[in-house]
Amino acid sequence: MSKPKIGFIGIGLMGAAMCNRLLDQGYELTIVANRSRERVDALVGRGAGEVKSAREVAEASDVVMLCVDTSVSVESRMYGPEGVIAGLTPGKIVIDFGTSLPASTKTIGAAVAEAGSTYLDCPIGRTPSHALEGKLNLMCSGDAAAYARVEAVLNDLGENVFHLGALGTGHTIKLINNFFAQAVANGMSEAFAMADKAGVDRQKVYDVMAAGPLHSGMMDFVKAYAIDNDPNKLAFSIRNARKDVGYYTDMAESLGVESIMAAGAKKALDLSIEAGRGDEFVPLQVDFFVDHFKAGNKD
């Protein structure tokens, strides 16, 4: 069986890595540039085709993939005369790999269905290095028949591929996942900074915590920077982390509840962005907390 033609929108760190993996696996790939010519040129050099608009991506592809930063960014690429929906014909599949608001996802899904195509949400777990190796965690939801048609493609991109239910379920679970991740990452960052404040060796703090039930991958990502000076184990920006926690609290409010536990992570990320750290990777929150405590801040 021939492989479907893939269109990809969003050539950032993760998107470029996924595109390289798709090319490695022999897929015909069509892309559109946004900000980084360097990544686009590298992919074109490997055989990807480049077009001028999201509409043209959809016209050239059986499966359209988006990996962009916010629901607003997804919506801007889906709607309008040059958007994805304008280029759809019956039977195509569109997949949002970003972390989006479930309500937006469901609205887009209805518009895609009107064009005779199917929309799936499939947020990503893990890092660009995992993407290059085809070892992402993929949380897909939406129409089961459409999922079955793209399952082989998703298996080429991911090590752990889940079909989770109705459209929007993947984004809901991803927001819960990312809220918890940021609660842990910021908690661990504060723990290392508090150890400094108390005159306790960071390595000893880690050794004790890692020996018990607190040990986790997120703890190790923060430790990699705090102790080993490697910030790249979690190549995810503070600004994007704040977006995800904000989406989580927005989702909670839409469900008629208020998150208690998200407040601490949200405040730490807000203060870090205000301090000019928004483009740094999340493990560098350790430095934010160190500076915050040195300044004697109590807010």
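Everything discussed here concerns the structure shown above.
This is a predicted model, so every value here is computed, not measured.

A. Structural context of the nonpolar core. With 36 residues, the main nonpolar core has Phe8, Met18, Phe97 and Leu154 as its most contacted residues. Breaking this core down by element, the ones donating at least two residues are strand S1 (6-9), helix H1 (13-24), strand S2 (29-32), helix H2 (37-45), strand S4 (63-66), strand S5 (93-96), strand S8 (136-140) and helix H7 (144-157). Tallying contributions element by element places H1 first for this core, with seven residues. Excluding anything up to four places from it in sequence, methionine 18 contacts Phe8, Cys67, Phe97, Ile124, Ala131, Leu136 and Leu157. Membership of the second largest hydrophobic core comes to 32 residues, among which are Leu175, Tyr225, Val290 and Phe293.

B. Highlighting the sheet that holds strand S7 (residues 124-125). Strand order in this open sheet of three strands is S7-S8-S9, and the pairing throughout is mixed. Strands at the two margins of the open sheet, each flanked by one partner only, are S7 and strand S9 (158-163). For S8 and S9, the ladder comprises five bridges, and the chain directions are parallel. When the bridges of S9 are listed, leucine 136 appears paired with glycine 158.

C. Structural detail: a nonpolar patch on the surface. A contiguous nonpolar surface patch, about 230 Å² in accessible area, is contributed by Phe162, Leu164 and Ile173. Locating phenylalanine 162 in the fold gives a position in strand S9.

D. Expanded view of helix H4 (residues 71-78). If you check which residues of H4 are buried, you get Ser71, Ser73, Val74, Arg77 and Met78. Seen along its axis, H4 keeps its buried residues to an arc of 160°; they face one direction.

Rules used in this analysis
Residues numbered from 1 in each chain as written. Predicted model: local features only at pLDDT ≥ 70, side-chain atom pairs only at ≥ 80, totals over all residues. Heavy atoms only, no water. Core = buried A, V, L, I, M, F, W, Y, C linked by side-chain atoms within 4.5 Å. Buried < 20%, exposed > 50% of the residue type's maximum accessible area, 1.4 Å probe, protein only. Helix = DSSP H or I, 4+ residues; strand = E, 2+ residues; numbered from the N terminus. Contact = heavy atoms within 4.5 Å. Pairing = 2+ DSSP bridges. Patch = residues over 30% accessible without salt bridge, like charges linked within 9 Å, V, L, I, M, F, W, Y side chains within 5 Å. Areas by Shrake-Rupley, 256 points an atom, 1.4 Å probe, with all protein chains shown as cover. Salt bridge = Lys/Arg side-chain N within 4 Å of Asp/Glu carboxyl O. Arc of directions from axis to C-beta.

No statement about biological role is implied by the geometric values presented.
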